[in-house]
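# Geometric and topological summary
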Amino acid sequence: MPQVMTCPVCLYKRVFSVGTHGITTYNPTTLEVTNQWPYGDICGIGPVGKGQGTEFSLTFRKGSGKKSETLKFSTEHRTELLTEALRFRTEFSEGKITGRRYNCYKHHWSDTRKPVNLEVTPGGIDQIDPHTNRVVCSYDYRNIEGFVEVSDYQGGFCIVYGGFGRLHLFASEHRDEIIRSAIEHAGNFIGIMLRLRREGLTFEDFVTERLGKYSSDESITSLAEFVVQKITTRHPEPVKRILALTETCLVERDPASYNIVTIKPFGEVFALICDVDNPQVFTVEFIRGQIRKYSSTERDSLLASLLDGVRASGNRDVCVKMAPTQRGQRWGLLSMPVDEEVESLHLRFLAAPPSGNFADAVFKFNANISYSGVLHAVTQDGLFSENKEKLINNAILALLAQEAELPAVNSELESHFQAIRRLVASKAGFQAFTQLPKFREKLGVKTVKALKRNNNGVTHAAIDMLCALMCPMHDDYDLRQEQLNKASLLSSKKFLENLLEKFITNVDHGTGALVISSLLDFLTFALCAPYSETTEGQQFDMLLEMVASNGRTLFKLFQHPSMAIVKGAGLVMKAVIEEGDKEIATKMQELALSEGALPRHLHTSLFTVSTDQRMLTNRQLSRHLVGLWTAENPVAMNLLKRILPTGLLADLDSPDPVPEKDVDRMHIRDNLKIASDQLNRNKVPEWQRIAGKAAKEVEKFAKEKADLVLMHWRDKMGIAQKEQDRNNLVSRTNQSVSCVPFHFVFSIFLNKPFLCHILGPFLSSFLPITS
């Protein structure tokens, strides 16, 4: 568990690594080992001072004698570092601390009392199986929120744990001693203050609030369920479980009693791991360090649904990969992004690996950089600010330089695409696709070669990276740059045919749910409003025709267990009907009946009741599809007459206007507003232009007199150089807007059909695509 920290005495930074055999410190810029202490030489480690703080001391034996030396360090993550280091306390040279054990009973999820042993240790409370003497689980002090007594349960007390008030109920004759000892250990060894809550609980309160803030029906009601086998050290054989996905949580249930075994919020999922050797095994990694391993015959469908649920909850940093996360490669906590210095260092390590091992540098980069993109991706104002855009471009070039000889191991090739995805998710990386020389050509060669391997993990990573180039994953994005990227990615008909061939093959064989999901995202960004408004007209028509010719394939996806895939297929189907000619629309209407899609979406549109945005989006989409499939379709109307009461159908012909109270959840982006905002941001006040002119004169003089190259903030923002372009852009935009009637602009905000081809030329008038 490496941490970047400062030595208070001499104020230099070191990477402090807690390993399996000892503690090591590294120089962060060169990764050179500066100190190393085997656990057999360590006397102790603990916080400096009382209460919360950042300093801790490490005492170790010096040489072969009895003399000892103490060093002090400082880190913002002292609690987590001490917890990890104290896991190896029994190997220390002095003070092999073993806590006292207490006989207890635990109230099990099956409503039974099971005998356990609790051991209060320096880092947490261990639950031990009295029969095997093996630690079943540990309640780290860092994750304990407090203790609370249960008044009507003899000797009962709860450990409030996990950050969301999860209650674990135990009973012991030594209740007071256990709680007092745990509070003392947490303060002395970890440096945190735990408390016993004054207000007690009743057993009925425990049953009601056992899952903390996720005890409500909305948090535990399943949206999708999968039968899995749980692989755990607690049981010698895999145990059958129901893995349920709710609006906010991943819930594990017992199939016999349907009781909840465990619950984990989507926000705490760190990564999803697909086992390379076994196509049914997968692992879920959490930000607090827990790992859950399962086996399922529907692994890819489960992962596609889980990935969609986690990202819909706001956790954009989760990804699916082949190789487990190496905890020792992360320079910080999994629960929060690394700081700016660590990001910059790993960007440099990609361009020049310290150990000369490029594959290792890529894995370390992915372990430290959020999947949603480089967090500190914009050059800051200041005399010694480093050029972040240059760092990102150099890292991209280093990854693309490997296209001649792709890694033989699929997990390494997958890591390359996931690293590129992290880079292009930033604004600088997104713009580099068309601005950096040879970026497009080299990335195209690398992608085509990778797709030929026919490995689902590599294919998913490559297409997910392409999706990040199709639609910006960062804030404050530029619509013109999105147009440029799309024009390049959709220019090759052969490449698009290869992608659709993979799509059709996986759908027909019922495999590759992750690949299908990523390809649907790709098609959504190209064909579906509002993203299609930045797709060039000829490319839009070409791809739409290619998709429409395989319309039956889309209908097969409406029976898929993954909600994300059903929604993606529905959005593409909506675009095909709205934007295609009458023959295509008629064909889709016939297929909707022959494939049984109409009744399914009719049921979804009528009976979906939920507060989950994903479910409400699917309901809106289903209502739209039912309207498209039944419009001027006598066969569909006759079917509805046999299904629905006559009075209800007569109400559909009512002349009353439809109430527009519901929120539009499909058209989540207003491109006209984005373009207008970008135009307004480019308007610079007169005083700024005058100040900038004076500053440039000073800067010119400084450049002539010194070798230090300083760039003014106006130059970094590109204001001065693009002033003429801005004036031209303003004049063209004003001309375009002036010729658009008000009622037409209003219809755009209402998201009327055929929005893509109407708004596309309008945007193109001031967002031209250049070759």
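Basis of the calculations
- Residues numbered from 1 in each chain as written.
- Predicted model: local features only at pLDDT ≥ 70, side-chain atom pairs only at ≥ 80, totals over all residues.
- Heavy atoms only, no water.
- Helix = DSSP H or I, 4+ residues; strand = E, 2+ residues; numbered from the N terminus.
- Areas by Shrake-Rupley, 256 points an atom, 1.4 Å probe, with all protein chains shown as cover.
- Buried < 20%, exposed > 50% of the residue type's maximum accessible area, 1.4 Å probe, protein only.
- Contact = heavy atoms within 4.5 Å.
- Axes fitted to C-alpha atoms, helices over the stretch in contact; angles between N-to-C directions.
- Parallel < 35°, antiparallel > 145°, perpendicular 65-115°, else oblique.
- Left-handed = near helix turned anticlockwise from the far one by under 90°.
- Nonpolar A, V, L, I, M, F, W, Y, C, P; charged D, E, K, R; others polar.
- Expected span 1.5 Å × (residues − 1).
- Polar contact = N/O pair within 3.5 Å; in protein donor to acceptor, adjacent residues only side chain to side chain.
- Pairing = 2+ DSSP bridges.
- Phe/Tyr/Trp six-rings, centres within 6.5 Å; stacked < 30°, edge-to-face > 60°.
- Lys NZ or Arg CZ within 6 Å of the ring centre and 35° of its normal.

In the annotation of an unreviewed UniProt entry, the entry for the protein reads DnaJ subfamily C member 13, and the organism field reads Goodea atripinnis.

## With respect to the overall build of the protein
On a plain count of helices and strands, the protein comes out with 29 helices and 22 strands. With the model as given, the accessible surface of the protein reaches about 36800 Å², and the carbon-plus-sulfur share is 52%.

## Considerations on the side chain of H168
The residue H168 is located in strand β14 (residues 166-171) in this model. A relative accessible area of 14% means that H168 is categorised as buried. Leaving out residues up to four positions away in the same chain, H168 has contacts with K106, Y139, F157, C158, I159 and Y161.

## Brief notes about unusual backbone geometry
With an omega of 5 degrees, the peptide bond between A529 and P530 qualifies as cis. As for its position among the elements, P530 is in the loop between α15 (513-527) and α16 (537-548). The phi dihedral of D111 is positive, around 65 degrees, even though this residue is not glycine. Mapped onto the elements, D111 comes out in the loop between β8 (101-107) and β9 (113-120). On the basis of relative accessible area, D111 is assigned to the exposed category, the value being 56%.

## Details of the packing of helix α14 (residues 493-509) against α15
Packed helices, taken two at a time, are described by the angle between their axes plus the distance between the axes. One way to put it is that α14 packs onto α15 with a least axis distance of 10 Å and a crossing angle of 140 degrees. Considering the angle they form, α14 stands oblique to α15. Here the hand of the crossing between α14 and α15 comes out left-handed. From α14, L496, L499, L500, K502, F503, N506 and V507 reach across to α15, where they touch V515, I516, L519, L520, F522 and L523. Per-class residue counts for the contact of α14 with α15 are eleven nonpolar, one polar and one charged.

## Quick word on α16
Its twelve residues give α16 an end-to-end C-alpha distance of 16 Å, which sits within 8% of 16 Å, the value for a rise of 1.5 Å per residue. Residues of α16 that are buried: Q539, F540, L543, L544, M546, V547 and A548. Put simply, E536 is the residue that caps the front of α16, since its side-chain oxygen is 3.1 Å from the backbone nitrogen of Q538.

## Regarding the sheet that holds β8
Within the open sheet, the seven strands sit side by side as β11-β10-β9-β8-β14-β13-β12. Their pairing is antiparallel. Edge positions in the sheet fall to β11 (135-140) and β12 (144-149), since each of these pairs with one other strand and no more. Averaged over all adjacent pairs, the angle separating strand axes in this sheet is 35 degrees, with direction ignored. Direction of pairing for β8 relative to β9: antiparallel, over a ladder of seven bridges. Directly across from R101, in β9, lies its bridge partner E119. Helix-sheet contacts for helix α2 (residues 175-190) involve β8, β9, β10 (124-128), β12 and β13 (156-161), and the interaxial angle to β12 is about 160 degrees.

## What about the packing of aromatic side chains?
Counted according to the given criterion, the structure contains 19 aromatic pairs. Aromatic side chains F558 and W629 sit 5.9 Å apart centroid to centroid with 70 degrees between the ring planes, which places their arrangement in the edge-to-face category. Of this pair, F558 sits in the loop between α17 (551-556) and α18 (563-579) while W629 is found in helix α21 (residues 613-630), placing the two residues 71 residues apart along the sequence. You'll find F558 and W629 in the same group, each marked buried. Every member of this aromatic cluster is reached through a ring pair, and the members are Y139, F157, Y161 and F170. Its end group placed over the ring of Y258, R253 keeps NZ or CZ at 4.2 Å from the ring centre.

## Let's talk about the sheet that holds strand β20 (residues 281-286)
The mixed open sheet is built from eight strands, whose spatial order is β18-β17-β16-β15-β21-β20-β19-β22. Strand pairing shows two members of the sheet lacking a second neighbour, β18 (260-265) and β22 (320-321), which therefore form its edges. Here strand β16 (residues 239-245) pairs with strand β17 (residues 249-253) via four bridges, running antiparallel. The partner of L245 across the bridge, within β17, is L250.

## Concerning the pairing of strand β15 (residues 224-231)
When a strand is regular, its side chains alternate between the sheet's two faces. Here β15 shows one buried face, formed by A224, F226, V228 and K230, and one open face, formed by E225, V227, Q229 and I231. Inspection of the sheet shows β15 paired to strand β21 (residues 291-295) by three bridges, in the antiparallel sense. Within β21, the residue paired with Q229 across the bridge is S295.

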